[in-house]
Each structure stands twice: as C-alpha cells, then as structure tokens.
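Remarks on the overall topology
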Amino acid sequence: MQIALGDPLHGYYISRDPFGRDFVTAPEVSQIFGELIGLFFVQAWEDRGRPESFFLVELGPGRGTLMADMMRAALKVRPDFARAANIILVETSPLLRSAQKQNLSDYSPGWAVRWQEIPEGVPLYFIANEFFDALPIQQFVRKSDGWHERMVAAKNDKLKFVLAPDVQSARSPFPTDRENAVEGSVVEVNPNAQAIMSGISKRVALSNGVGLIIDYGYCEPGYGNSLQAVKMNDYADPLGEPGKADLTAHVDFSALLTSATAAGADVCGPLKQAALLDGLGICLRADRLKLTSPECASEIDASVARLTDEKLMGSLFKAMALSKPGSKQLPGFPC
Ligand code: SAH
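Now for a description of the structure that goes with this document. (Residues numbered from 1 in each chain as written. Predicted model: local features only at pLDDT ≥ 70, side-chain atom pairs only at ≥ 80, totals over all residues. Heavy atoms only, no water.)

A short note on unusual backbone geometry
So the rule is basically this: Numbering of helices and strands runs from the N terminus; a helix is a DSSP stretch of H or I covering at least four residues, while a strand is a stretch of E covering at least two.
A cis amide bond links G269 to the next residue, P270, at an omega of 5°. You can see P270 is positioned in strand β14 (residues 266-272). Despite not being glycine, S108 shows a phi value in the positive range, around 35°. Checked against the element boundaries, S108 lands in the loop between α7 (94-103) and β3 (110-112).

So this is what it looks like as structure tokens:
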C-alpha cells in the first residue's frame, strides 16, 4: 500500500491528479463544505483569544480546494484571522503541490512533507479530510494457532495475498484483546496513523491549538477487511494495477481517539459528518447561496444531500476534533 501510493516514480499520488477522475472528495462536491470548516476554525480562533499568529495546517490537501474555500469564508467574516494564519500544506505529491500553489496563490502558503517540520511554539490548528484513509494499513488474519499477518507476494509476475507462516507475536500497536476472535477474522491496524495522531495531538494540546479530522471509518474497534481500490469512480482489484488505482482503508476512529487522549488532548466525537455539518449550519448556508444564485438551487440541494444523506456521505464519514483540555467547546460538536 505504501509503495503503490507513495513510490517516488510510480506511486498513485505522486504520478497523477486523481480528483474528479477516480474519486470525488467533499470539498470537490460543494464549496459549502470548506466554507463551514473555515468558519469552524474562525470560531475556534476567537474562542482561544485570537492569537496574532498561528499555523493553519492541512494534512493531505489534494488540489487545495478545501483550504481555498476555508480562507475565502474566513476572510469575509474575520480578515484578522486570515492575517494571523500561516498556512502550511503537508503534501508528498509534487503534482498536487503545483495544483495547490495555483489555487492558493493569494495566501502564500508553505509546504512540508511531514507535519513534524512545522516549527514549535506557535498554536497549531490542523484539518485532515480524507488523509488518514490513505495511510498504509497492516492486516492480520485469525487462524487456529493465532494471528498471521497478511502479506503481498509476487508469483509468476502476478501479485497475490498470502499469510505470513509465523504467528504474529503480540506487540503494540497490534490489538491484544482479540483472543476470542473466530477463525478467518481479519483485523486492521495503522501504526503510522496512530503515530501521527499521537504526535500532532500532543502539539495541539501544548500549543492551545485545534485539530479536525474527517474521514470515512468506524467508531468502535471492529473486524473486517476494508482495503479497497478505486479507479475511474469504480471499485478495482487492489493488486491489479499497483500505482494506477487509489488504495484506501476505513479509518479506525477508536484507535485515533485512544492515541489522541493518551497524548494529552481533549477529543470531541467522533460523530457523523451529517451531524457536524448540521451543527455548523449547512442548511442556512445553502439557503443563502440559493438566494444569490437561484438558477443553481437544484444543484445546491443535490450537493448538500450528497454530503449529509445517511446513504451517501453523511453517515459513513465521521468527524473528530482535538483541543487542549479545559479549553472552550468546539463549534459543531455537542461535547
Ligand atoms: N483533503 C483533500 C484530499 C484528500 S486525498 C480533499 O479533501 O479533497 C489525499 C491527499 O493526501 C492527497 O493530497 C495526497 O497526495 C495526500 N497524501 C497521501 N499520503 C500522504 C502522506 N503520507 N503524507 C502527506 N500527504 C499525503
């Protein structure tokens, strides 16, 4: 998964711009998504005493659409917020960096490959939309003698899944509480996601910052194979054409929550994306947009439905927020 997505020459994210062609993310569905997230951060900034300078970081910014919508909305209501924000985009893909450069030319952003490059000592506010689902998972399959890691092997020029012959020894972050699992069960872990969550949560807590994570995933620890490949808006074989299809796995929010809490941050959620967007006023914003552009009313209704409908993105996508313990409640989250 790591090589297929991130290989410096042939990796999926390195060699192509997948947006619109292979999949569509929430900011690409409607400008309202980014606008509401922008207002979330403006309110959080106000509630934290309007620091004069802070880092506004996006992990995995895609084309830069989300940040552009956030900043446009923020500038409209609080120009001081936009002046105080130092935008840093954490991105590995040179191709997507150039798209971000174009879309965000008004805001002189900086770039980093890893969030750890961001200097300490200034409040860190971050957003990660559909970032954690792109980080490589490990899978383990239950057999009668214990858990075996699922590996990828090459045979006769073809890739296939095989099980490691040795039983997995219980080691962190492998869950040790699964001894009663039935044979054939699959469990997924994402050590990279947990490490990022742990480090960035600590920084948020120490700097009186804020974090918002939105992704598709599950809230309770569970079993199952959620690895999926998507190409041209359709499911594909994850081993079929490495580097040519997007690979993702559902995000285990319970594991992220545990990492964030252990690192000293307060966590709100996870809650459904529909609940967050309702709480942030998606209906009011849609009505406002329809007043100014009545000719787009049905398109606006359709995109709001796509973001909030239980059968579309409203329920599968979850939102979770981080802050310093004891700080003011975050907008949109009923803590
Ligand atoms: N947040 C955007 C894009 C989501 S797609 C949106 O909502 O539209 C995933 C993004 O994460 C892409 O920009 C991809 O290049 C980036 N990415 C994937 N793995 C990464 C990694 N390990 N480090 C930094 N960025 C990564």
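Past the structure itself, the notes keep going.
Regarding the site of the ligand
Test applied: Nearness here has a simple test: a residue counts as near a molecule or strand if at least one of its heavy atoms is within 4 Å of that partner. As used in this structure description, the phrase polar contact means that two N or O atoms lie within 3.5 Å; if the pair is within protein, one of them must be able to donate a hydrogen and the other to accept it, and residues adjacent in sequence are counted only when both atoms belong to side chains. Classes in brief: Ala, Val, Leu, Ile, Met, Phe, Trp, Tyr, Cys and Pro nonpolar; Asp, Glu, Lys and Arg charged; the others, Gly included, polar.
Around the ligand there are 17 residues in total, and T25, G60, G62, E91 and N129 lie nearest to it. Contact between the ligand and E58: a nitrogen atom at 3.4 Å from a side-chain N or O atom of the residue. The backbone of G62 places a nitrogen or oxygen atom 2.9 Å from an oxygen atom of the ligand. Its residues assigned to classes, the shell around the ligand comprises eight nonpolar, six polar and three charged.

Quick look at the sheet that holds strand β12 (residues 246-248)
Stated formally: Only when DSSP finds a minimum of two bridges between them are two strands counted as paired. Note on definitions: angles span 0 to 180 degrees between N-to-C directions of axes, and those axes are lines fitted to C-alpha atoms, for helices only across the stretch in contact.
If you trace the three strands from one edge of the open sheet to the other, you get β11-β10-β12, paired in antiparallel fashion. With one partner strand each, in any of the chains shown, β11 (234-236) and β12 form the two edges of the open sheet. Across this sheet, the average inter-strand angle for adjacent strands is 40°, counted without regard to direction.

Concerning the nonpolar core
Note the following rule: Each nonpolar core is a collection of buried residues, namely Ala, Val, Leu, Ile, Met, Phe, Trp, Tyr and Cys, held together in the definition by side-chain atoms within 4.5 Å. Throughout this description, buried means an accessible area under 20% of the type-specific maximum (1.4 Å probe, protein chains only), exposed means over 50%, and partly exposed covers the range between. Two residues form a contact once any of their heavy atoms are found within 4.5 Å.
With 50 residues, the main nonpolar core has I37, F40, F41, L56, F81, L212 and F333 as its most contacted residues. With nine residues, the top contributor of residues to this core is helix α4 (residues 31-47). If sequence neighbours within four positions are ignored, F81 has contacts with F41, V42, W45, F54, L56, M71 and A74. In terms of nonpolar packing, the next biggest core, distinct from the first, is built from 28 residues, L59, I118, L256 and M320 among them.

With respect to the side chain of Q273
By the element assignment, Q273 lies in helix α10 (residues 273-279). Take Q273: its relative accessible area is 1%, and that puts it in the buried class. Beyond its immediate stretch of four places on either side in the chain, Q273 contacts F33, I214, L307, M313, G314, F317 and K318.

Quick look at the sheet that holds strand β5 (residues 138-143)
Sheet architecture is open: four strands sit in the order β7-β6-β5-β8, paired in antiparallel fashion. At either end of the open sheet lies a strand with only one pairing partner, and these are β7 (158-163) and β8 (186-189). Pairwise comparison of adjacent strand axes, ignoring direction, gives a mean angle of 35° for this sheet.

Notes on helix α12 (residues 297-308)
Convention followed: By definition here, a helix of n residues has an expected span of 1.5 Å times n minus one.
When the terminal C-alpha atoms of α12 are compared, their 17 Å separation across twelve residues agrees well with the 16 Å that a helix rising 1.5 Å per residue should span. Contacts made by the buried residues of α12 are with α3 (26-29), α4, α10, α11 (282-292) and α13 (313-316).

Observations regarding the packing of aromatic side chains
The condition that has to hold: Each aromatic pair joins two rings of Phe, Tyr and Trp (for Trp, the six-membered one) with centres within 6.5 Å, and gets the label stacked for planes under 30 degrees apart, edge-to-face for over 60, and tilted for any other angle. As a reminder, the over-ring test applies to NZ of lysine and CZ of arginine, requiring each to be within 6 Å of the ring centre and within 35 degrees of the ring normal.
Summed over all chains, the structure comprises ten aromatic pairs. A ring pair is formed by F54 and Y125, whose centres lie 4.6 Å apart and whose planes are at 35°; its orientation type is tilted. Of this pair, F54 sits in strand β1 (residues 54-59) while Y125 sits in strand β4 (residues 124-129), and the two are 71 residues apart along the sequence. As far as burial versus exposure is concerned, F54 and Y125 are alike and both buried. Here the aromatic cluster, defined as three or more aromatic residues joined through ring pairs, consists of F40, F41, W45, F54, F81, Y125 and F333. Stacked on the ring of F161, the Lys or Arg R150 has its end atom at 5.5 Å from the ring centre.

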